[in-house]
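Tertiary structure, described
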Amino acid sequence: MKIVLASASPRRAQLLKQINLEFTVSPSDIEEVMDENLSPERLVESLAQQKGESVLSMHPDSFIIAADTIVTIKGRYLGKPIDENDAEAMLQNLSTQTHEVYSGVYLALTNEKGIKVSSYTFSEETKVTFGALERSEIRKYVETGSPMDKAGSYGIQDDFGAVFVKQIEGDYNNVVGFPLYAFYQQVKDHFPKIFSQLFNHS
């Protein structure tokens, strides 16, 4: 049974390596459909499922892991910034505020023909509170280029992005991009044979 990560995110790959998983990376190249009428939980699950299902047929006899992350503040979605000005505006908006980070995860098993035989989707929410950010601090961070590929324009694991975070309620790894604790529990509950293989539990 091969393990496939349907994501190009180096942060997700690093988190899975942290728990000693061996996998191949097969990023989805689909144009994701965002239905903003859905709740944040359902939306991020839908995005993860779209990614995962787009690569199923390429990976027979595999366990597919797909994920997506979105950021919301006061009911508004924050995606990846379109340019530096957008990144600065997002970070100014997050200053002194609490926002939510949602990660959706889609797990699926394929047979020898690359057809899905079972799947499960779940999401995790973490609340993050920023301290007060000065414009000079925001500009310095944006100039590093780090915010440009991240929803909400920051990375909690960055050398400088980390200092903006005053408080966190929930799973830290979820904010990085993948909820390790929930993943471990959901695989244990819904894919017990895979769980035994991945984590060497009898």
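Structure first, text after, so check above.
First, a word on what this report is: a plain description of the structure on this page. (Residues numbered from 1 in each chain as written. Predicted model: local features only at pLDDT ≥ 70, side-chain atom pairs only at ≥ 80, totals over all residues. Heavy atoms only, no water.)

A word on the pairing of strand E5 (residues 98-110). Here E5 lies mainly inside the structure; twelve of its 13 residues are buried. Two elements, strand E3 (residues 62-73) and E5, share ten bridges in a ladder whose sense is antiparallel. Paired with Ala-66 across the strands is Tyr-106, a residue of E5. Two elements, E5 and strand E6 (residues 116-130), share 13 bridges in a ladder whose sense is antiparallel. Counterpart to Tyr-106 in the pairing with E6 is Thr-121. Here E5 folds back onto E6, and the loop between the two strands holds five residues, one of which, Gly-114, carries a positive phi near 75 degrees. (Buried < 20%, exposed > 50% of the residue type's maximum accessible area, 1.4 Å probe, protein only. Helix = DSSP H or I, 4+ residues; strand = E, 2+ residues; numbered from the N terminus. Pairing = 2+ DSSP bridges.)

This part covers the side chain of Asp-171. Mapped onto the secondary structure, Asp-171 falls in the loop between strand E7 (165-169) and helix H5 (172-176). Look at Asp-171: it is buried, it has no salt bridge, and the nearest opposite charge is Arg-12 at 12 Å. With residues up to four places along the chain from it excluded, the contact list for Asp-171 reads Glu-124, Thr-126, Pro-179, Leu-180 and Tyr-181. (Lys, Arg positive; Asp, Glu negative; His and termini not counted. Salt bridge = Lys/Arg side-chain N within 4 Å of Asp/Glu carboxyl O. Contact = heavy atoms within 4.5 Å.)

Relative to the helices and strands, Gln-50 resides in helix H2 (residues 40-55). Residues contacting Gln-50, with those up to four places away along its chain left out, are Ile-30, Glu-31, Glu-32 and Val-33.

Another point: the packing of helix H3 (residues 84-94) against helix H4 (residues 135-143). In contact at an axis separation of 10 Å, H3 and H4 are set at 135 degrees when each is read in the N-to-C sense. With respect to their mutual orientation, H3 and H4 come out oblique. The chirality of how H3 crosses H4 is right-handed. Residue-level contacts link Glu-84, Ala-87, Glu-88, Leu-91 and Gln-92 of H3 to Arg-135, Ile-138, Arg-139, Tyr-141 and Val-142 of H4. A per-class count over the contact of H3 with H4 returns five nonpolar, one polar and four charged. (Axes fitted to C-alpha atoms, helices over the stretch in contact; angles between N-to-C directions. Parallel < 35°, antiparallel > 145°, perpendicular 65-115°, else oblique. Left-handed = near helix turned anticlockwise from the far one by under 90°. Nonpolar A, V, L, I, M, F, W, Y, C, P; charged D, E, K, R; others polar.)

On inspection of all chains with the given rule, the structure shows eleven aromatic pairs. The interplanar angle of 65 degrees and the centroid separation of 4.8 Å between the aromatic rings of Tyr-184 and Phe-199 together place this pair among those described as edge-to-face. Residue Tyr-184 is located in helix H6 (residues 180-190), and its partner Phe-199 is located in helix H7 (residues 192-199); the two are separated by 15 residues in the primary sequence. Residue classification places Tyr-184 among the partly exposed positions, given a relative accessible area of 25%. Note on Phe-199: relative accessible area 14%, which makes it buried. Among the aromatic residues, those joined into a ring-pair cluster are Phe-130, Tyr-141, Tyr-154, Phe-160 and Phe-164. (Phe/Tyr/Trp six-rings, centres within 6.5 Å; stacked < 30°, edge-to-face > 60°.)

Looking only at H4, the buried set comprises Ile-138, Tyr-141 and Val-142. Buried positions in H4, seen along its axis, are confined to an arc of 100 degrees and lie on one side of it. Looking at the buried positions of H4, the neighbouring elements they touch are H3. Once H4 finishes, Gly-145 follows within two positions and takes phi at roughly 85 degrees, a positive value. (Arc of directions from axis to C-beta.)

Moving on, we get to the pattern of salt bridges. Enumeration over the complete set of coordinates arrives at eight salt bridges. For Lys-51, the salt bridge goes to Asp-68, with nearest N and O atoms at 3.4 Å. Remark: Asp-68 occurs in strand E3 and Lys-51 occurs in helix H2; sequence separation between them is 17 residues. Taken as a pair, Lys-51 and Asp-68 share a single burial class, namely buried. With a shortest N-O distance of 4.0 Å, Glu-88 and Arg-139 are connected by a salt bridge. Placement of the pair is Glu-88 in helix H3 and Arg-139 in helix H4, with a sequence separation of 51 residues. Residues joined by salt bridges that share partners form a network here, namely Arg-11, Asp-149 and Lys-150.

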